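# Inside the fold
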Amino acid sequence: MMPRISRMLIAQLLLVMSIAAQAFVLSAQTSERPSRWIAPPEAATRANPLANRAGVVTGGRKLFHDRCAACHGDDGQGTSKGPNLSAAYVQGQSDGALFFKITQGNTRAGMPTFSFFPEPQRWQLVLHLRELRRSPAATIDRGVCSPLGCANRISLTPRARTRAAVRQAGHAVVHESCRRPLWASLAVDGSVGPDRGSGEVDRCCNDRRRP
Amino acid sequence: MSISSLRIGFCCLVACALVANRALAQERPYFVTYDHYLEEPGNLEIAVASTSGFPKEGRGYSAPWLELEYGVNGWWTAEIYLEGVTTRHAGSAFGGWRWENRFRPFKGEHRLNPVLYVEYENINEASRIQKEIVGGGPLSIEPIGGLREEHARELEGKLILSSAAGAWNVSENFVLEKNLSEDEGVEFGYSVGISRSLGGLASGNTCYFCRENFVLGAEAYGGLGSTSAGIEATRHFIAPVVSWRVGNRNALKASLGFGLTESSDRYLLRVGWAYELPVRRAR
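All values derive from a computational prediction rather than experimental measurement. (Residues numbered from 1 in each chain as written. Chains lettered and ligands numbered in written order. Predicted model: local features only at pLDDT ≥ 70, side-chain atom pairs only at ≥ 80, totals over all residues. Heavy atoms only, no water.)

## With respect to the packing of aromatic side chains
For any pair of aromatic rings, the description rests on two quantities: the centre-to-centre distance and the angle between the ring planes. Residue and element names in this part refer to chain A. Threshold: Only rings of Phe, Tyr and Trp enter the pairing, Trp through its six-membered ring, and a pair is recorded when the two centres are within 6.5 Å. The plane angle decides the type: under 30 degrees is stacked, over 60 is edge-to-face, the rest tilted. Going along the chain from the N terminus, every DSSP run of H or I of four or more residues is numbered as a helix, and every run of E of two or more is numbered as a strand. Each residue gets one of three labels from its accessible area relative to the maximum for its type: buried under 20%, exposed over 50%, partly exposed in between, using a 1.4 Å probe on protein chains only.
Inspection of the entire model under this criterion finds 14 aromatic pairs over all chains. When the centroid spacing of 4.0 Å and the interplanar angle of 15 degrees are considered together, the rings of F99 and W123 count as stacked. Linking F99 in helix α5 (residues 95–104) with W123 in helix α6 (residues 119–133), this pair joins segments that are 24 residues apart in sequence. F99 gets classed as buried once you look at its relative accessible area, which sits at 5%. Relative accessible area serves as the criterion here: at 2%, W123 is assigned to the buried category. Ring geometry for F116 against F117: centres 5.1 Å apart, planes inclined by 45 degrees, an arrangement best described as tilted. Taking the relative accessible area as the measure of exposure, F116 reaches 22% and is therefore partly exposed.

## Section: a negative patch on the surface
Residues and elements named next belong to chain B. Formally: Patches here are clusters of residues that have more than 30% relative accessible area and form no salt bridge, with a 9 Å joining cutoff for like charges and a 5 Å cutoff for nonpolar side chains (Val, Leu, Ile, Met, Phe, Trp, Tyr). Method for areas: the Shrake-Rupley scheme with a 1.4 Å probe, in which residue coverage is limited to the protein chains shown. Put simply, a salt bridge is a Lys or Arg side-chain nitrogen that is within 4 Å of an Asp or Glu carboxyl oxygen. As used throughout, the charge tally considers Lys and Arg to be positive and Asp and Glu to be negative, leaving His and the chain termini uncounted. Just so you know, the charge point we use is NZ for Lys, CZ for Arg, CG for Asp and CD for Glu.
A surface patch of negative charge is lined by E125, E142, E149 and E150. With respect to the helices, strands and loops of the structure, E125 is situated in the loop between β5 (113–124) and α2 (144–147). The class of E125 is partly exposed, set by a relative accessible area of 33%.

## Remarks on α5 of chain A
Residues and elements named next belong to chain A. With 9 of its 10 residues buried, α5 lies for the most part within the structure. Along α5, the positions that sit buried rather than exposed are G96, A97, L98, F99, F100, K101, I102, T103 and Q104. Immediately downstream of α5, the backbone of G105 shows phi near 65 degrees, a positive value.

## Concerning helix α3 (residues 57–72) of chain A
Residues and elements named next belong to chain A. For the record, the criterion: One less than the residue count of a helix, multiplied by 1.5 Å, gives the span that helix is expected to have. One axis fitted to the seven residues ending at a residue, another fitted to the seven starting there: the angle between these axes is the bend at that residue.
If you check α3, its first and last C-alpha atoms are just 18 Å apart, much less than what 16 residues at 1.5 Å a residue would give, namely 22 Å. At D66, α3 is bent by approximately 50 degrees, the largest bend along its length. Downstream of α3 by a residue or two, G73 has a phi angle that is positive, lying close to 90 degrees.

## Considering the packing of α5 of chain A against α6 of chain A
Residue and element names in this part refer to chain A. As a reminder of what qualifies: Every axis in this analysis is a line fitted to C-alpha atoms, fitted for helices over the stretch in contact. Angles between the N-to-C directions lie between 0 and 180 degrees. Orientation is classified from the angle alone, with under 35 degrees giving roughly parallel, over 145 giving roughly antiparallel, 65 to 115 giving roughly perpendicular, and any other angle giving oblique. The crossing is said to be left-handed when, going from far helix to near helix, the turn is anticlockwise and less than a right angle, and right-handed when the turn is clockwise. Residue contacts are counted whenever heavy atoms from the two residues lie within 4.5 Å of one another. For this classification, the nonpolar set comprises Ala, Val, Leu, Ile, Met, Phe, Trp, Tyr, Cys and Pro, the charged set comprises Asp, Glu, Lys and Arg, and every other residue, Gly included, is treated as polar.
The geometry of α5 relative to α6 is characterised by a closest axis approach of 9 Å and an angle of 120 degrees between their N-to-C directions. By the angle between their axes, α5 is oblique relative to α6. Remark: the crossing between α5 and α6 carries right-handed chirality. Here D95, G96, L98, F99, I102 and T103 of α5 come into contact with α6, specifically with E119, R122, W123, L125, V126, L129 and R130. Of the residues contributing to the contact of α5 with α6, the split by class is 7 nonpolar, 2 polar and 4 charged.

Rendered as structure tokens:
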């Protein structure tokens, strides 16, 4: 009897230890900074088939409220669980890219896969995301130019600035002439890569000017 | 724990869920088959369900269970089950508990999405929820009182493969189970499921009977024998399933399984209700 009990105890102990070890390893992997999340060109160039259909955006609004607001907030302004969807680095992406990301998810960063939604509903969500662009919390003034070329002047909300570690009191100026746009260096959790904080942008651009 | 205390516990959880202010509902239509969609991070899903069996011989039974499913993060979902069983005029019993973990190794959506499943079960031979069917042989028809004294600690693994093809979901599960309390070898099982949402465009209004709230499908599951007893007298079922999303908080689902072999029960009727509660929602 004793050997059988001890064998069971050992088996249970091994089970618990193996699960704990697996959890530790996996959590260590995901505690790393999420890599850049960019839609492939063939997905990014897809157009929204519902773009000209009036009234369907209300369905997207309902879906967003039901499925997305828990992480991104009712107004899409972001929470501690999900980034601000009205931010420029989101709105700067094509409809196809947003559709791709809704479909694919990014489980490493906590974004679920929503491929179980029928395709028209995912496009409805994209329509609603575009409505967030008109939210007063995020404004984009296009056409600001500098000696380096045209740039976008992006005003982020104070909250988005904090989360994105953009420490400037005023505007975060992003130069399109840099190697890649700001959104490309932003992780899905909304944080900015160490090389692309607002103070680093000019240095990046200056580096590019050098022969 | 008696079956009446289980019922009281279920009622308390239902009441708690009804007074909560907001939740989501994402519920697979299957009862046995798993797909690749994990619980959303930080969400707690509370579900109650029941398996009612109508065997060809012996007494019918009903096996309720309580399921707490938590999205630990985007790639890990953990669940705890508490189960019971009651038979007509032959007593009731607490069937035991299960701890289940599902891990999704790849971050994006692929043609075939694998999920790894590990479960530890501390149950007894009275367990009748049949969340998976493995091995061979019919269910024991001995009285519940005797069966509940026979404890079984089991380790179960599954390879879950699942695909989204248009509006369809196709899922295949391969099961192996080892009883740590007895030397029964390793038992094998399977389940496959296919389902489809009836909705196209989402309506802008809250509606309960819109097509978009319904998912229809079918699943088939059964045992594939064991290393010690071979592949004799296995049980197999095929079951149409339906899921109804009620508002944005609740989901109801039901299935009626038809036994396909001599060892199988004639029917397995399953009904379930799930409520999703975002417990980690910070601004």
